[in-house]
Amino acid sequence: MSEHDNSRREALKSGLTLSAFAATAGLPFWSKLAFAAGEELVPFTDMPADFTAPPVAPGAIHYLDSRAITSFYTPNEDFYIIQHYNQPTVDAASYRLKLTGMVDKPMELSLADIKARPKMEIDAGFECGGNSERLFQGLIGNARWGGTSLGALLREAGVQSGGIEVVFFGHDRGPETIRDINVEQSFGRSMHISDAMLDDVMLAYEMNGEALPLYHGAPLRLLVPGWYGVANVKWLGQIHVQDTRFMGRFMARDYVTLQKTVVGGEERWEERSVTRIQLKSSIVRVPKAGNGHNVMGFVLNDGTPLRAVEVSIDGGPWQAATIDPASTKYSWKLFNYTWNNATPGEHTLVSRAVDVNGKVQLTPDAMPEKPTRWENYAQFPRKVTIS
Ligand SMILES: Nc1nc2c(c(=O)[nH]1)N[C@H]1C(S)=C(S)[C@@H](COP(=O)(O)O)O[C@H]1N2
Ligand SMILES: [Mo]
């Protein structure tokens, strides 16, 4: 089976519609377009001239320069990095994953035990829940993750009745002040048991075919495809099943979206933990292509199949963009729109994603009132100058 057949099959599996395929047939893959030799990028005039991504450094966060996205898989060296405490070095040889709480069979698994379990691999892209226009969407990446099923492990351990919440603790720790009380706290996130049991949730020890790098949670992290990055607990040390909601910082205080909404006919300020990725696309690069231009970007969401990605130039009609056929259910979807006859001067370019349920990525004006900095999924108009 050729590589093309393979990616086509993957994409069909992911539910990309056949018409999206018909549209891409015979066109070069997005990634090949992006790699065109001697490619010249049109400058974004909405971006500071000196905008650069910082080099990866120990203990620091890292974001990428979204103009430089040229491959379906983000190289491990450039994948964004966020941690709220330290970056613990966990010795792989003595590593043990503890499974505790409301299970019939508590466990302690070595890395070898985990690797001996059936292996699964998934392409998944995600962004930090705080990713935004400020960093030109640089807190983002897409990788092939290798690991083993969380649900299968939980089933083997036997979750007891009443066990409704699965909590994931990392090895990283830091000081927290909670109502004037100082404690040293571990990074922790949780999921409802029904989400934790979903087929695609995995304990990942590989990233793009390499051992999981230190900065991304070596030797083991949780990977929840279709969810914001915060769900993917790095340096995973303990999984705990309990019968109450977990109220740690990253579930109950931080990464909580505050949004004005109507609850049973009453207007309320809803406080909601950041979970599934909201439907979002963004233009990130505009290279010259022969006599025309390519308008390139990405789509992320929770894995719901897409109906279309569209681009509008200077407020004109929405035009269908081509989706990279290498895309899979949970990967990011890179897209390209071929822009012909661009006239010299400044132009406004914007993309929007539409899913199979007819959900359309919102304009900034149509976004719900949402004063926190989480979940920035509005359409992002970009400005370029054609010389
Ligand atoms: N243990 C641990 N896991 C963590 C975090 C953390 O601070 N500690 N940060 C989370 C957040 S907020 C994000 S966005 C992702 C980033 O994953 P990456 O650094 O591999 O891109 O990791 C998540 N997992
Ligand atoms: Mo994050």
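Caption draft 1: Examining the site of ligand 1 more closely. Lining the immediate surroundings of ligand 1 are 18 residues, of which Tyr 80, His 84, Asp 172, His 216 and Lys 234 lie closest. Contact distances for ligand 1 include 3.1 Å between an oxygen atom and a backbone N or O atom of Ile 82. One of the side-chain nitrogen or oxygen atoms of His 216 is found 2.6 Å away from an oxygen atom of ligand 1. Burial of ligand 1 by the surrounding chains reaches 100%, relative to a free accessible area of 530 Å². Of the residues belonging to the shell around ligand 1, the class tally is 10 nonpolar, 5 polar and 3 charged.

Caption draft 2: Main features of the nonpolar core. Judged by nonpolar contacts, the single largest core of 94 residues is most densely connected at Leu 97 and Trp 145. Sort the elements by how many residues they give to this core and strand S7 (residues 202-207) lands first, with 5 residues. If sequence neighbours within four positions are ignored, Leu 97 has contacts with Met 107, Glu 108, Leu 109, Ile 114, Leu 153, Leu 203, Leu 220, Leu 236, Gly 237, Gln 238 and Ile 239.

Caption draft 3: Examining the side chain of Asp 195 more closely. Looking at the secondary structure, you find Asp 195 in helix H6 (residues 193-196). For Asp 195, the residues in contact, after removing those within four places along its chain, are Val 201, Trp 227 and Arg 276.

Caption draft 4: Local environment of the environment of Ala 252. With respect to the element layout, Ala 252 can be found in helix H7 (residues 249-253). You can call Ala 252 partly exposed: its relative accessible area is 30%.

Caption draft 5: Representation of the confidence of the model for the protein chain. Mean pLDDT over the protein chain works out to 91, with 90% of the residues at or above the 70 mark. Within the model, pLDDT remains below 50 along residues 1-28, and this stretch shows 33 contacts once partners closer than five positions in the same chain are excluded.

Caption draft 6: Expanded view of the sheet that holds strand S2 (residues 107-109). Strand order in the open sheet formed by 5 strands is S2-S1-S10-S5-S6, and the pairing between neighbours is mixed. The strands lining the two open edges of the sheet, one partner per strand, are S2 and strand S6 (181-192). On average, each strand axis in the sheet is tilted by 30° relative to the strand beside it, whichever way the strands run.

Caption draft 7: Highlighting the pairing of strand S16 (residues 306-313). Within S16, 7 of the 8 residues are buried, leaving the element largely enclosed by the surrounding structure. Sheet topology note: the S16/strand S20 (residues 345-355) ladder contains 7 bridges and is antiparallel. If you follow Ala 308 over to S20, its bridge partner there is Val 354. Summarising the sheet, S16 and strand S17 (residues 319-320) pair through 2 bridges and their orientation is antiparallel. Bridge pairing in S17 places Glu 310 opposite Ala 320.

Caption draft 8: Layout of helix H5 (residues 150-157). Of the residues making up H5, those classed as buried are Leu 150, Gly 151, Leu 153, Leu 154 and Ala 157. The arc enclosing the buried residues of H5, seen along the axis, measures out at 160°, which places them on a common side. Two or three places before Gly 151, at the start of H5, stands the capping residue Ser 149, its side-chain oxygen 3.3 Å from that residue's backbone nitrogen. Positive phi appears at Gly 158, one or two residues downstream of H5, with a value of about 75°.

Caption draft 9: Spotlight on the side chain of Ser 186. Among the structural elements, Ser 186 can be located in strand S6. On the accessibility criterion, Ser 186 (17% relative accessible area) is buried. Side chain to side chain, Ser 186 and Arg 173 meet in a polar contact 3.2 Å long. Setting aside residues up to four positions removed in sequence, Ser 186 forms contacts with Tyr 85, Phe 169, Gly 170, Asp 172 and Arg 173.

Caption draft 10: Region of the structure containing the sheet that holds S17. In spatial order, the strands read S17-S16-S20-S21; together these 4 strands make up an open sheet with antiparallel pairing. Of all strands in the sheet, those bounded by a partner on one side alone are S17 and strand S21 (382-386).

Reading the values: the criteria
Counting restarts for each chain: residues are numbered from 1 in the order of the written sequence. For this description, chains carry letters from A and ligands carry numbers from 1, given in the order in which they are written. Per-residue local features of the predicted model are confined to residues with pLDDT of at least 70, and side-chain atom pairs are confined, for both listing and counting, to 80 or more; whole-chain, interface and lining totals are unaffected and use all residues. Water and hydrogen atoms play no part in the side-chain values, which are based on all heavy atoms of the structure. The rule for a residue being near a molecule or strand is that one of its heavy atoms must lie within 4 Å of it. Think of a polar contact as two N or O atoms within 3.5 Å of one another; within protein, one of them needs to be a possible hydrogen donor and the other a possible acceptor, and neighboring residues in sequence only count if both atoms come from side chains. Areas reported here follow the Shrake-Rupley algorithm with a probe of radius 1.4 Å; residue values treat only the protein chains shown as occluding. Under the convention adopted here, Pro, Cys and the residues Ala, Val, Leu, Ile, Met, Phe, Trp and Tyr are nonpolar, Asp, Glu, Lys and Arg are charged, and Gly plus all remaining residues are polar. Residues enter a nonpolar core if they are buried and are Ala, Val, Leu, Ile, Met, Phe, Trp, Tyr or Cys, with the set joined through side-chain atoms within 4.5 Å. For every residue, the accessible area obtained with a 1.4 Å probe (protein chains only) is divided by the maximum for its type, and the residue is called buried under 20%, exposed over 50%, and partly exposed between those limits. Strands here mean DSSP runs of E at least two residues long; helices mean DSSP runs of H or I at least four residues long; both are numbered from the N terminus. Any pair of residues with heavy atoms lying within 4.5 Å of one another is described as a contacting pair. pLDDT runs from 0 to 100 and stands for how confident the predictor is about each residue. DSSP bridges decide pairing: two strands pair if at least two such bridges lie between them. Angles shown run from 0 to 180 degrees and are taken between the N-to-C directions of axes, each axis being a line fitted to C-alpha atoms and, for helices, limited to the stretch in contact. Of all possible arcs, the one meant is that of the directions from the helix axis to the C-beta atoms.

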